[in-house]
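# Structure assessment
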Amino acid sequence: MPNSSSDSPPERLDPGRIRFIEVTRETRGRFEDLFEQPGAPKYCWCMAWRHSSREHIQNDEKKRRMMALIDRGTPVGIVAEIDGRTVGWCSVAPRETYRMLSKQQDDSEMGVWSIVCFYVPRALRGGGLASALLDAAIKHAFDKGARVIEAYPVDEAAPSYRFMGFRDMFVARGFREIGTAGTRRHVMRLER
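The present account deals with the structure reproduced in this document.

Cut-offs and rules
- Residues numbered from 1 in each chain as written.
- Predicted model: local features only at pLDDT ≥ 70, side-chain atom pairs only at ≥ 80, totals over all residues.
- Heavy atoms only, no water.
- Salt bridge = Lys/Arg side-chain N within 4 Å of Asp/Glu carboxyl O.
- Helix = DSSP H or I, 4+ residues; strand = E, 2+ residues; numbered from the N terminus.
- Phe/Tyr/Trp six-rings, centres within 6.5 Å; stacked < 30°, edge-to-face > 60°.
- Lys NZ or Arg CZ within 6 Å of the ring centre and 35° of its normal.
- Pairing = 2+ DSSP bridges.
- Axes fitted to C-alpha atoms, helices over the stretch in contact; angles between N-to-C directions.
- Contact = heavy atoms within 4.5 Å.
- Buried < 20%, exposed > 50% of the residue type's maximum accessible area, 1.4 Å probe, protein only.
- Arc of directions from axis to C-beta.
- Core = buried A, V, L, I, M, F, W, Y, C linked by side-chain atoms within 4.5 Å.

On to the pattern of salt bridges, then. Applying the stated criterion to the full structure yields 19 salt bridges. When the shortest N-O distance is used, the salt bridge between glutamate 36 and lysine 63 registers 3.1 Å. Within this pair, whereas glutamate 36 is found in helix H1 (residues 28-36), its partner lysine 63 is found in helix H2 (residues 59-71), the two being separated by 27 residues in sequence. Each of Arg28, Glu32, Glu36, Lys63 and Asp71 takes part in salt bridges that share partners, so that together they form one network.

Encoded structure:
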């Protein structure tokens, strides 16, 4: 857990204490609890890259649409828990459940899952939770039948899209770059 001093980096988290849970109808309360916490991205509800999010909609409507996806059984991602408290999120789902994520995307390609965002509370950043979420997301996608996992991270110095993860974190796990999406995002893939 984090140090009390804001000048010190957070302590490394013990991976054995972290439990990863797929967000489903039965577990969606954990996701809701996390996104309702102060500082959480309740302005987004992880709808930025979903099909229905192109128009300007209010936060409560974004939440309603996300909950509708979950209730229909659409895969949306995983949460991380430590000591029974939900502490992190990774959006990992079949690519077809998202809108177009890169210009070179081939929608006829089957078995592709995408990792599009992470949420780690500020107090836990730098302690290894994002890396643990990435490892769990990779395992989750392959366990669910993914042939390929695609991600769209940025370089650490990027001023935006940091919620999509950092390129080096993906490279360290064997992802290879196949192109770019916009000016900042790298399109990276990991094949089984």
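Okay, the packing of aromatic side chains next. A complete count under the given rule lists ten aromatic pairs for this structure. An aromatic cluster of at least three residues, connected via ring pairs, comprises Phe31, Phe35, Trp45, Trp89 and Tyr119. Here the guanidinium or amino end of arginine 185 rests over the ring plane of tyrosine 161, the centre of that ring lying 5.1 Å away.

Phi at tryptophan 45 takes a positive value of approximately 55°, unusual for a residue other than glycine. Position of tryptophan 45 relative to the elements: it lies in the loop between H1 and H2. For cysteine 46, which is not glycine, the phi dihedral falls at a positive 55°. Along the chain, cysteine 46 falls in the loop between H1 and H2.

This part is about the sheet that holds strand E6 (residues 176-181). Strand pairs in the sheet, formed through backbone hydrogen bonds, run parallel or antiparallel to each other. Spatially, seven strands are ordered E1-E2-E3-E4-E5-E7-E6 in an open sheet, and the strand pairing comes out mixed. Unpaired on one side and paired on the other, strand E1 (18-22) and E6 mark the two borders of the sheet. Averaged over all pairs of adjacent strands, the angle between their axes in this sheet comes to 30°, without regard to strand direction. Across five bridges, E6 lies against strand E7 (residues 185-191) in antiparallel orientation. Bridging across to E7, threonine 180 finds its partner in histidine 186. Against the sheet, H1 makes contact with E1, strand E2 (78-82), strand E3 (85-94) and strand E4 (112-119), and its axis sits at roughly 115° relative to E3, the strand it touches most.

Among the structural elements, arginine 176 can be located in strand E6. Arginine 176 sits in the partly exposed class, given a relative accessible area of 44%. Note: C-alpha distance between arginine 176 and arginine 25 (151 residues apart in sequence) is 34 Å. Sequence-distant contacts of arginine 176, defined by excluding residues within four places in its chain, comprise Val187, Met188, Arg189 and Glu191.

Quick look at H1 now. Looking at H1, one finds that the buried residues are Phe31, Glu32, Leu34 and Phe35. For H1, the angular spread of buried residues about the axis comes to 160°, placing them on one side. Contact partners of the buried residues in H1: H2, E2, E3 and E4.

Within E7, six of the seven residues are buried, leaving the element largely enclosed by the surrounding structure. Relative to E7, strand E5 (residues 148-151) runs antiparallel, the two sharing four bridges. From the neighbouring strand, isoleucine 149 faces E7, where its bridge partner is leucine 190. Counting the residues in the hairpin turn of E6 and E7 gives three residues, including glycine 182, whose phi is positive at 75°.

Here the focus is the nonpolar core. Counting residues in each nonpolar core, the largest one holds 30 residues, and the members touching the most others are Ile115, Leu129 and Phe170. The set of elements that each furnish at least two residues to this core consists of E2, E3, E4, helix H3 (129-143), E5, helix H4 (167-171) and E7. Sorting elements by how many residues they give to this core places H3 first, with nine residues. In terms of nonpolar packing, the next biggest core, distinct from the first, is built from 27 residues, Val23, Cys117, Tyr152 and Val187 among them.

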